[in-house]
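Below, each chain spelled out in residue letters.
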Amino acid sequence: MTNKINNSKGSLHGYWSSRISFILAVAGSAVGLGNIWKFPYIAGVNGGGAFVLVYILCVFLIGLPILVSEILIGRMGRRNPASSMEAMALQSSSSKKWAFVGLMGILSGVLILSYYSVIAGWSLAYIFESFSGTFVNANSTIVEESFFSLSSSWKITMFWHSLFMIITAYVVSKGVAEGLEKAVRLLMPLLILLLLILLVYSALEGEFIAGLSFMFAPRFHDLTADGILVALGHAFFTLSVGMGAIMAYGAYLPDNMSIGRISISVVLADTFIALISGLVIFPIVFANGLDPEAGPGLVFMSLPMAFGNLPGGIGLGVIFFTLLSFAAWTSAISLMEPAVAWAVEKFKIQRVTASFFICLIIWVFGLGTVFSFSLLSDFLLLGRNIFDNLDYLTSNILLPLGGLMIVIFASWVVNIDSLSIQLDKSRGIFFRLWLFLSRYIAPIGVMIIFFYSVNIFST
Ligand code: PHE
């Protein structure tokens, strides 16, 4: 990011130095635990097939137009998400209350990061677990036991959660672009390469056809109304939309860069990585008698089986969990950025101070998740533990709600001439498609799924 520019139309927090650094930052935000840890386990719990189909539809018809909307609003507002929305609303002679959507997003980011950091901590722990050789020739009992002994030990998970929060806050306190850009540029291609190597392993050694059919054969009877909501929520989660992360990044995007192509490449890459992860994991699950419905531990149990049985498996395991931790890190930074940018602007404090306090708040919230796999695992509310409730509230309610408001705001409230100047001056096919998806398909889609999942249609 270049230096601070303090005029009224510019970004207070600097700019991305190039188009590629913006793409990398957005891709770094999108690709994370959501693709490799969360997608396979929720697809497993929701019966695969039809769930994956709904997820893909939601990504392209709802998530993509919202991603574009967020970048647009961010770039036009040039502030933290709440102030950007307020500024755009005033400019379009609309209510200042739109800022509330930005604030809700900031809260969602804080809540998501509180549990995200705990899972990322597991990934850090697994770098060392792999290194120590625990998984050499491992069978399903060994991988299951290793996972449960880690997740149920609150002291160890609290340690890794703390470490992860510290390294995240460190980067955010420095300003987002420094360091982040280099890390993503190198590590993302490596992550993809490693996933492809694992895919070959799965195809040769796993029950590949069973995995393929689990993921892609649409069995609609397995899909519940709640499963549809989870698929929608995950489309938001995986693209990092609905809470302002991308809006915050868009605020640092120089005016002359095209938004359309950037968004499409990010969405394609993100979806590709999620699908490949599923195709790596499920054949291993089926070949080794693991349970596809194992939940949050699925990746941490299935992949070590592969590493344990591959030549050079220790090295591969170490590299894989290192890359996964990096992917989580670049996402975590974007989860924290809106809150920090907001605190800096609101309280006129330094970035370092803001990062410290926000980090502390998130860390404390994170203890809820740490304990929900150990001391408080029996503490259920609405039939879910603390982690599941946080995930449900954020992914399935707050993100879709935030995304709904953002897309309505961008396509209905913001002045259409300024939009087309930002997106496509000639108002070509991309612009018209975006406008149509944003005005009608995305909002109606979100509302139908919401109502459907609270069973309004059957009562
Ligand atoms: N998209 C990230 C992932 O898939 C998570 C995330 C959600 C990041 C929301 C920012 C905002 O892991």
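Everything here concerns the structure above.
Some details on the site of the ligand
Here is step 1 of the chain: Near the ligand you find 14 residues, and of these Ala-30, Gly-34, Tyr-116, Phe-237 and Ser-240 are the closest.
Here is step 2 of the chain: Ala-30 is positioned such that a nitrogen or oxygen atom in its backbone is 2.9 Å from an oxygen atom of the ligand.
Here is step 3 of the chain: Measuring from a nitrogen atom of the ligand, one finds a backbone N or O atom of Phe-237 at 2.8 Å.
Here is step 4 of the chain: Bound to the protein, the ligand loses 100% of the 330 Å² it would expose on its own.

Considerations on the side chain of Ser-277
Here is step 1 of the chain: Tracing the backbone shows Ser-277 in helix H12 (residues 259-287).
Here is step 2 of the chain: On the accessibility criterion, Ser-277 (1% relative accessible area) is buried.
Here is step 3 of the chain: Once you skip the residues sitting within four places of it in the chain, Ser-277 turns out to touch Asn-35, Ile-36, Pro-40 and Leu-195.

Thoughts on the nonpolar core
Here is step 1 of the chain: Core analysis: the largest hydrophobic core is formed by 165 residues, its most contacted members being Phe-320 and Met-336.
Here is step 2 of the chain: Among the elements that line this core, the one with the most residues is helix H14 (residues 313-347), at 18 residues.

As for a nonpolar patch on the surface
Here is step 1 of the chain: On the surface, a cluster of nonpolar side chains totalling about 1,000 Å² of accessible area is made up of Leu-53, Leu-57, Leu-61, Phe-220, Trp-412, Phe-436, Tyr-440, Ile-441, Ile-444, Ile-448 and Tyr-452.
Here is step 2 of the chain: Considering every element that reaches the nonpolar patch, the biggest residue donor is helix H18 (residues 429-453), with six residues.
Here is step 3 of the chain: Relative to the elements of secondary structure, Ile-444 occurs in helix H18.
Here is step 4 of the chain: Judged by its relative accessible area of 45%, Ile-444 falls in the partly exposed class.

Here's the deal with the side chain of Ser-173
Here is step 1 of the chain: Mapped onto the secondary structure, Ser-173 falls in helix H7 (residues 154-174).
Here is step 2 of the chain: In this structure Ser-173 touches Arg-351, Val-352 and Ser-355, once residues within four positions along its chain are discounted.

What to know about unusual backbone geometry
Here is step 1 of the chain: Unusually for a residue other than glycine, Asn-137 sits at a positive phi of about 55 degrees.
Here is step 2 of the chain: Structurally, Asn-137 is set in the loop between helix H5 (99-131) and helix H6 (140-151).
Here is step 3 of the chain: At Lys-348, a position not held by glycine, the phi torsion is positive, near 50 degrees.
Here is step 4 of the chain: Within the fold, Lys-348 resides in the loop between H14 and helix H15 (351-372).

A word on the packing of helix H10 (residues 225-239) against H18
Here is step 1 of the chain: Orientation of H10 relative to H18, taken along the N-to-C sense of each, is 145 degrees, at an axis distance of 8 Å. In the packing of H10 onto H18, the handedness of the crossing is left-handed. On H18, the residues touching Ala-225, Ile-228, Leu-229, Leu-232 and Phe-236 of H10 are Val-446, Ile-449, Phe-450, Tyr-452 and Ser-453.
Here is step 2 of the chain: Here the residues of the contact of H10 with H18 are counted per class, giving nine nonpolar, one polar and no charged.

Brief notes about the pattern of salt bridges
Here is step 1 of the chain: In this structure the tally under the stated criterion is five salt bridges.
Here is step 2 of the chain: Here Asp-391 and Lys-38 are joined by a salt bridge, their closest N and O atoms 2.8 Å apart. Within this pair, whereas Asp-391 is found in helix H16 (residues 386-413), its partner Lys-38 is found in helix H2 (residues 33-45), the two being separated by 353 residues in sequence. By the burial criterion, Asp-391 is buried, and Lys-38 matches it.

Points about the environment of Ile-259
Here is step 1 of the chain: Relative to the helices and strands, Ile-259 is located in helix H12.
Here is step 2 of the chain: Judged by relative accessible area, which is 0%, Ile-259 ranks as buried.
Here is step 3 of the chain: In this structure the C-alpha to C-alpha distance between Ile-259 and Leu-72, which are 187 residues apart in sequence, comes to 7.8 Å.
Here is step 4 of the chain: Those residues in contact with Ile-259, other than ones at most four positions away along the chain, are Val-68, Ile-71, Leu-72, Arg-75, Leu-253, Gln-422 and Leu-423.

Here we look at the environment of Ile-228
Here is step 1 of the chain: With respect to the helices, strands and loops of the structure, Ile-228 is situated in helix H10.
Here is step 2 of the chain: Ile-228 gets classed as buried once you look at its relative accessible area, which sits at 17%.
Here is step 3 of the chain: Along the backbone, Ile-228 and Tyr-55 are 173 residues apart, and their C-alpha atoms lie at a distance of 8.0 Å.
Here is step 4 of the chain: Not counting the four nearest positions on each side in its chain, Ile-228 is found in contact with Val-54, Leu-223, Ile-449 and Tyr-452.

Calculation criteria
Residues numbered from 1 in each chain as written. Predicted model: local features only at pLDDT ≥ 70, side-chain atom pairs only at ≥ 80, totals over all residues. Heavy atoms only, no water. Near = heavy atom within 4 Å. Polar contact = N/O pair within 3.5 Å; in protein donor to acceptor, adjacent residues only side chain to side chain. Areas by Shrake-Rupley, 256 points an atom, 1.4 Å probe, with all protein chains shown as cover. Helix = DSSP H or I, 4+ residues; strand = E, 2+ residues; numbered from the N terminus. Buried < 20%, exposed > 50% of the residue type's maximum accessible area, 1.4 Å probe, protein only. Contact = heavy atoms within 4.5 Å. Core = buried A, V, L, I, M, F, W, Y, C linked by side-chain atoms within 4.5 Å. Patch = residues over 30% accessible without salt bridge, like charges linked within 9 Å, V, L, I, M, F, W, Y side chains within 5 Å. Salt bridge = Lys/Arg side-chain N within 4 Å of Asp/Glu carboxyl O. Axes fitted to C-alpha atoms, helices over the stretch in contact; angles between N-to-C directions. Left-handed = near helix turned anticlockwise from the far one by under 90°. Nonpolar A, V, L, I, M, F, W, Y, C, P; charged D, E, K, R; others polar.

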